[in-house]
Amino acid sequence: MADEPIKKRRGNPAFSKKKGEPGYIENRDTVTGQLARSKAAHEVVSIFPHVEDFQKVADAYFDECDERGVLYGEAGLALYLSEHNKKGRTVTLTVLRSWYDGERCAYLQDAVQMAYLRIQNQVETDERYREKGMVTRGIFLQKQTRLGGYQDKIEQKNDTTVRIVHGDSVDDSDFK
């Protein structure tokens, strides 16, 4: 062992860990929670670079729904955001939900959650959800995590295992 050369580690020790391992350091912006990048790069990548841009389009969606007498919805909001953003990019339900959860574009999280609250408020208060055939729709919408997450019954897990041990007195005739 004394004859083996000592190997020196090269490079930055912060990069020696892989994602998910203890000690891994990811370069994230402390305010937005997004990977750190320049403000210009951030504006190029983001569908809505500013909260105000998102808020303006979301408010226009709700106003248009009110004018047309249409119920608000998560899919309708995503479609409207897709059609009316300056970059012309598609906003899928997955993207909208990641904004809600703060996984992407964390600076939009509060505004997106307020949009969902507005949808939830309509589900809870609009008389159209009390009409025949719409009651169940309202209930199922309110069970959605982002629209209330209500539960009508709590199901308990039953992790009981039964082990049956047969003695010497059991034979095939007992199972006929």
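Source: prediction; values computed, not measured.

**What to know about the overall build of the protein chain**
Regarding its fold elements, the protein chain presents 6 helices and 0 strands. The helix and strand sequence of the protein chain, counted from the amino end, reads α-α-α-α-α-α. A separation of at least 24 residues holds for 47% of the contacts in the protein chain among residues at least 6 apart in sequence. In the form shown here, the protein chain has an accessible surface area of approximately 13,700 Å², with 51% of it arising from carbon and sulfur atoms.

**Overview of the pattern of salt bridges**
For the structure on display, the rule yields 4 salt bridges. A salt bridge links R68 to E64; the shortest N-O distance between them is 3.0 Å. Here E64 and R68 lie together in helix α2 (residues 51-68), a separation of 4 residues that amounts to about one turn. Taking relative accessible area as the criterion, R68 reaches 56% and is therefore assigned exposed. On the basis of relative accessibility, which here comes to 29%, the residue E64 falls in the partly exposed class. Among the ionic contacts, a cluster of salt bridges with common partners joins D59, D66 and R118.

**Remarks on the packing of helix α4 (residues 93-101) against helix α5 (residues 109-125)**
Running from amino to carboxyl end, α4 crosses α5 at an angle of 110 degrees, the nearest separation of the two axes being 7 Å. As far as their axial angle goes, α5 and α4 are roughly perpendicular. Crossing geometry of α4 relative to α5 is assigned as left-handed. In contact with L96, R97, W99, Y100 and D101 of α4, α5 contributes Q109, V112, Q113 and Y116. Within the contact of α4 with α5, the residues separate by chemical class into 5 nonpolar, 2 polar and 2 charged.

**Quick notes on the nonpolar core**
Within the largest apolar cluster, 26 residues are counted, with the highest numbers of intra-cluster contacts made by F48, F54, L81, L96 and W99. For this core, the secondary structure elements donating two or more residues are α2, α3 (74-83), α4 and α5. The greatest single-element share of this core, amounting to 6 residues, is contributed by α2. With residues near it in sequence (within four places) discarded, W99 still touches I47, F48, F54, L81, V91, R104, C105, L108, Q109 and V112.

**Let's talk about the confidence of the model for the protein chain**
On average, residues of the protein chain score 75 in pLDDT, and 64% of them are at 70 or above. Of all helices and strands in the protein chain, the one with the weakest mean pLDDT is helix α1 (residues 39-45) (49), whereas α2 scores best (92). In this model residues 40-44 is a low-confidence stretch, pLDDT under 50, and it forms 7 contacts with partners more than four residues away in sequence or in other chains.

**Considerations on α5**
For α5, with 17 residues, the first-to-last C-alpha span of 24 Å sits near the 24 Å given by 1.5 Å per residue. Restricting attention to buried positions, one finds in α5 the residues A111, V112, A115, Y116, I119, Q120, Q122 and V123.

Scoring rules and cut-offs
Residues numbered from 1 in each chain as written. Predicted model: local features only at pLDDT ≥ 70, side-chain atom pairs only at ≥ 80, totals over all residues. Heavy atoms only, no water. Helix = DSSP H or I, 4+ residues; strand = E, 2+ residues; numbered from the N terminus. Contact = heavy atoms within 4.5 Å. Areas by Shrake-Rupley, 256 points an atom, 1.4 Å probe, with all protein chains shown as cover. Salt bridge = Lys/Arg side-chain N within 4 Å of Asp/Glu carboxyl O. Buried < 20%, exposed > 50% of the residue type's maximum accessible area, 1.4 Å probe, protein only. Axes fitted to C-alpha atoms, helices over the stretch in contact; angles between N-to-C directions. Parallel < 35°, antiparallel > 145°, perpendicular 65-115°, else oblique. Left-handed = near helix turned anticlockwise from the far one by under 90°. Nonpolar A, V, L, I, M, F, W, Y, C, P; charged D, E, K, R; others polar. Core = buried A, V, L, I, M, F, W, Y, C linked by side-chain atoms within 4.5 Å. pLDDT = per-residue confidence, 0-100. Expected span 1.5 Å × (residues − 1).

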